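Inside the fold
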Amino acid sequence: MQKLHVIITGATGMVGEGVLQACLANEQVESILLVNRKPSQYQSEKIKEVILSDLSDISQLGAALKTYNACFFCAGVSSIGKNEEEYYRMTYTLTINFAEALLREQPDMTFCYVSGTGTDSTEEGRVMWARVKGKTENKLLRLPFKAVYNFRSGFMRPYPDAKHIKGFFKFLRAIYPVLRPWKPSYFLTLEEVGNAMINVSLHDYNKDILEPADISFLAANK
């Protein structure tokens, strides 16, 4: 049975933490490299953690990256309060620099990127964050990894014991049981997102842009 050796970024944020929790619970994930700006507060025999002040520079990890066969890129920021230049640098530039450095060491890898519902693949729309996310997705798809999947998830409910949740999401988590039946194709759990990343890395999929319905399907079908 194939085993995954996974790199996860952003495990000190809500999405990355949820993906990490899914990986810790899954027997097919054998090892996890966390690349964070600060400690994740998680310890396990599966986990190795590297703290970098600049995630766009992973050159110091060098040949150690060759032992991993999947990357779940969950690092990201909200566009609220940021101009386009700043958001571009913290989204497109950061992600692509990381991916290209990783590619130089290990091209035989599945790269999963957390994007968002409403991302603009044309890169020409009026919504700033959607343009930048679209440009990021498009560039990633041109990189010669084994496979690239862009996860356009909607709302994602954290695990009950998650440590990295902002107040607004604590409120939404409380009312999630009401929201999910109303629109199950949009309201996902982070367990589903993590399991979908694991399953698509193990078994591939016929789309490279994954909407919430695709994520839900992949989470349920191993």
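In case you missed it, the structure is sitting above this.
This write-up is about the structure you can find in this document. Just so we're clear, the structure is a prediction, and the values are computed from it rather than from any experiment. (Residues numbered from 1 in each chain as written. Predicted model: local features only at pLDDT ≥ 70, side-chain atom pairs only at ≥ 80, totals over all residues. Heavy atoms only, no water.)

1. A word on the nonpolar core
- Within the largest apolar cluster, 35 residues are counted, with the highest numbers of intra-cluster contacts made by I8, F72, F151, V193 and M197.
- Broken down by secondary-structure element, the contributors of at least two residues to this core are β1 (4-9), α1 (14-25), β2 (29-36), β4 (70-73), β5 (110-114), β6 (147-151), α5 (190-203) and α6 (212-220).
- The leading source of residues in this core is α5, at 7 residues.
- Not counting the four nearest positions on each side in its chain, M197 is found in contact with V19, F72, C74, C112, V114 and F151.
- Within the second largest apolar cluster, 31 residues are counted, among which are L52, L65, C71 and M128. (Core = buried A, V, L, I, M, F, W, Y, C linked by side-chain atoms within 4.5 Å. Buried < 20%, exposed > 50% of the residue type's maximum accessible area, 1.4 Å probe, protein only. Helix = DSSP H or I, 4+ residues; strand = E, 2+ residues; numbered from the N terminus. Contact = heavy atoms within 4.5 Å.)

2. Side note on the pairing of β4
- Covered by surrounding structure in β4 are A70 and F72 together with C71 and F73, the residues of both alternating faces.
- Pairing between β1 and β4: 4 bridges, direction parallel. Bridge pairing links T9 to F73 in β4.
- Across 4 bridges, the pairing between β4 and β5 is parallel. Across the sheet, the residue bridging to C71 is F111, located in β5.
- Note that the unit made of β4, helix α2 (residues 84-105) and β5 has a crossover that is right-handed. (Pairing = 2+ DSSP bridges. Right-handed = clockwise from strand over helix to strand, strands pointing away.)

3. Regarding the state of the cysteines
- For the structure shown, the criterion picks out 0 disulfides.
- Free cysteine C112: the closest other cysteine sulfur is in C71, separated by 8.2 Å. (Disulfide = S-S within 2.5 Å.)

4. Some points on the environment of A99
- Tracing the sequence through the fold places A99 in helix α2.
- Once you skip the residues sitting within four places of it in the chain, A99 turns out to touch F111, L140, L143 and F145.

5. Side note on the sheet that holds strand β3 (residues 47-51)
- One open sheet holds the 7 strands; their spatial order is β3-β2-β1-β4-β5-β6-β9, and the pairing between them is parallel. Looking at strand neighbours, the two that pair on one side only are β3 and β9 (209-210), the edges of this open sheet.
- Two elements, β2 and β3, share 5 bridges in a ladder whose sense is parallel. Paired with L33 across the strands is K48, a residue of β3.

6. What to know about the pattern of salt bridges
- Using the criterion set out here, one finds 7 salt bridges in the structure.
- For E211, the salt bridge is made with R152, and the minimal N-O distance between the two is 3.5 Å. Residue E211 is found in the loop between β9 and α6, and its partner R152 is found in the loop between β6 and β7 (155-157); the two are separated by 59 residues along the sequence.
- Judged by relative accessible area, which is 28%, E211 ranks as partly exposed.
- Where salt bridges share partners, they join E137, R152 and E211 into one cluster. (Salt bridge = Lys/Arg side-chain N within 4 Å of Asp/Glu carboxyl O.)

7. What about the environment of V15?
- Inspection of the secondary structure assignment puts V15 in helix α1.
- As a C-alpha pair, V15 and E191 span 176 residues in sequence and 9.9 Å in three-dimensional space.
- When residues no more than four places from it in sequence are discounted, the contact partners of V15 are C74, V114, M156 and L190.

8. Examining the packing of α2 against helix α3 (residues 128-142)
- Taken N-terminus to C-terminus, the directions of α2 and α3 make an angle of 15°; their axes are 10 Å apart at the nearest point. Regarding the angle of α2 to α3, the classification is roughly parallel. Crossing handedness for the pair α2 and α3: right-handed. Residue-level inspection shows E84, Y87, Y88, T91, Y92, T95, I96, A99 and E100 of α2 in contact with α3, the latter providing M128, W129, R131, V132, K133, K135, T136, K139 and L140. (Axes fitted to C-alpha atoms, helices over the stretch in contact; angles between N-to-C directions. Parallel < 35°, antiparallel > 145°, perpendicular 65-115°, else oblique. Left-handed = near helix turned anticlockwise from the far one by under 90°.)

9. Observations regarding α3
- Over its 15 residues, α3 extends 22 Å from the first C-alpha to the last, a length consistent with the 21 Å expected when each residue adds 1.5 Å.
- Within α3, burial applies to M128, A130, R131, V132, K133, G134, T136, E137, N138 and L140. (Expected span 1.5 Å × (residues − 1).)

10. A short note on the pairing of β2
- Most of β2 is tucked away: 7 of the 8 residues are buried.
- Once you follow β1 into α1 and on to β2, the crossover reads as right-handed.

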